[in-house]
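Report on the structure
Listed here are the chains, written in short residue letters.
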Amino acid sequence: MKKLSYILPILLALACKPAKHPSAVQISLVNNGQSVQFKGLDYAVMQDIGRDTTKNVWQNLVPVYRMPADTDLKNYQPVQPGRYQLKDSVVVFTPDTPFVKGQTYFVRNYRLGEGSMLIDYIKGRSQPGKVHFIDLIFKQ
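None of the values given here were measured: they were computed from a predicted structure.

Conventions and cut-offs
- Residues numbered from 1 in each chain as written.
- Predicted model: local features only at pLDDT ≥ 70, side-chain atom pairs only at ≥ 80, totals over all residues.
- Heavy atoms only, no water.
- pLDDT = per-residue confidence, 0-100.
- Helix = DSSP H or I, 4+ residues; strand = E, 2+ residues; numbered from the N terminus.
- Contact = heavy atoms within 4.5 Å.
- Pairing = 2+ DSSP bridges.
- Axes fitted to C-alpha atoms, helices over the stretch in contact; angles between N-to-C directions.
- Phe/Tyr/Trp six-rings, centres within 6.5 Å; stacked < 30°, edge-to-face > 60°.
- Buried < 20%, exposed > 50% of the residue type's maximum accessible area, 1.4 Å probe, protein only.
- Lys NZ or Arg CZ within 6 Å of the ring centre and 35° of its normal.
- Salt bridge = Lys/Arg side-chain N within 4 Å of Asp/Glu carboxyl O.

For the chain, per-residue confidence averages 76 on the pLDDT scale, and residues scoring 70 or more make up 66% of the total. Ranking the helices and strands of the chain by mean pLDDT puts strand β3 (residues 64–66) first, with 94, and helix α1 (residues 2–16) last, with 55. Within the model, pLDDT remains below 50 along residues 17–23, and this stretch shows 11 contacts once partners closer than five positions in the same chain are excluded.

So this is what it looks like as structure tokens:
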């Protein structure tokens, strides 16, 4: 019985800990480097956004940016204009002006809902108003 009193709190602590998941989103250049495709986005979210008629709705989920020479300034870059297409479970972005050979770009993948549990605020892993994202870097 004494062992059970030690095991139960440990099991409860482990069960309450939110699982950290790695970025499942994969990016790759397609169409001879003229476009970039995104795989691994949440299928339900993609289908909802695919039905949305708002012009720039995809830029809210996976915007593409040009990497500046000073990477400290990457949060201040304008979004790369272009066209997003949903093809089955893949999103393809084609920029208005072609990607420049040798130039580095990045995709900011917003992790909507991540870090919004009460335990994240209590343990200091998140603050109110903070948006979680992962920058995925690619080079033409």
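The strand order β3-β6-β7 describes an open sheet built from three strands, whose pairing is antiparallel. The open sheet has two edge strands, β3 and β7 (133–139), and neither has a second partner. Strand-to-strand twist across the sheet, computed as the mean angle between neighbouring axes with direction ignored, equals 30°. Where strand β6 (residues 104–110) lies against β7, seven bridges are found, and the strand directions are antiparallel.

Among the structural elements, Arg 83 can be located in strand β4 (residues 82–87). The residues contacting Arg 83, other than those within four sequence positions of it, are Val 92, Phe 93, Thr 94 and Asp 96.

What follows deals with the packing of aromatic side chains. The geometry of an aromatic ring pair is captured by two quantities: the separation of the ring centres and the angle between the planes. Under the definition given, this model contains six aromatic pairs. Between Tyr 65 and Phe 106 the ring centres are 5.1 Å apart and the planes differ by 20°, which places this aromatic pair in the stacked class. A residue pair is termed long-range when its members are at least 10 positions apart, and Tyr 65 in strand β3 and Phe 106 in strand β6 qualify at 41 residues. With respect to class, Tyr 65 is no different from Phe 106; both count as buried. Every member of this aromatic cluster is reached through a ring pair, and the members are Tyr 84, Phe 93, Phe 99, Tyr 105 and Phe 138. If you follow Lys 74 out to its NZ or CZ, it ends over the ring of Phe 106, 5.2 Å from the centre.

This next bit is on the pattern of salt bridges. Per the counting criterion, the structure on display carries two salt bridges. For Asp 135, the salt bridge identified is with Lys 74, shortest N-O distance 3.0 Å. Within this pair, whereas Asp 135 is found in strand β7, its partner Lys 74 is found in the loop between β3 and β4, the two being separated by 61 residues in sequence. Among the salt bridges present, the one from Asp 135 reaches Arg 108, with a minimum N-O distance of 2.7 Å. You can see Asp 135 sitting in strand β7 and its partner Arg 108 sitting in strand β6, a full 27 residues away along the chain.

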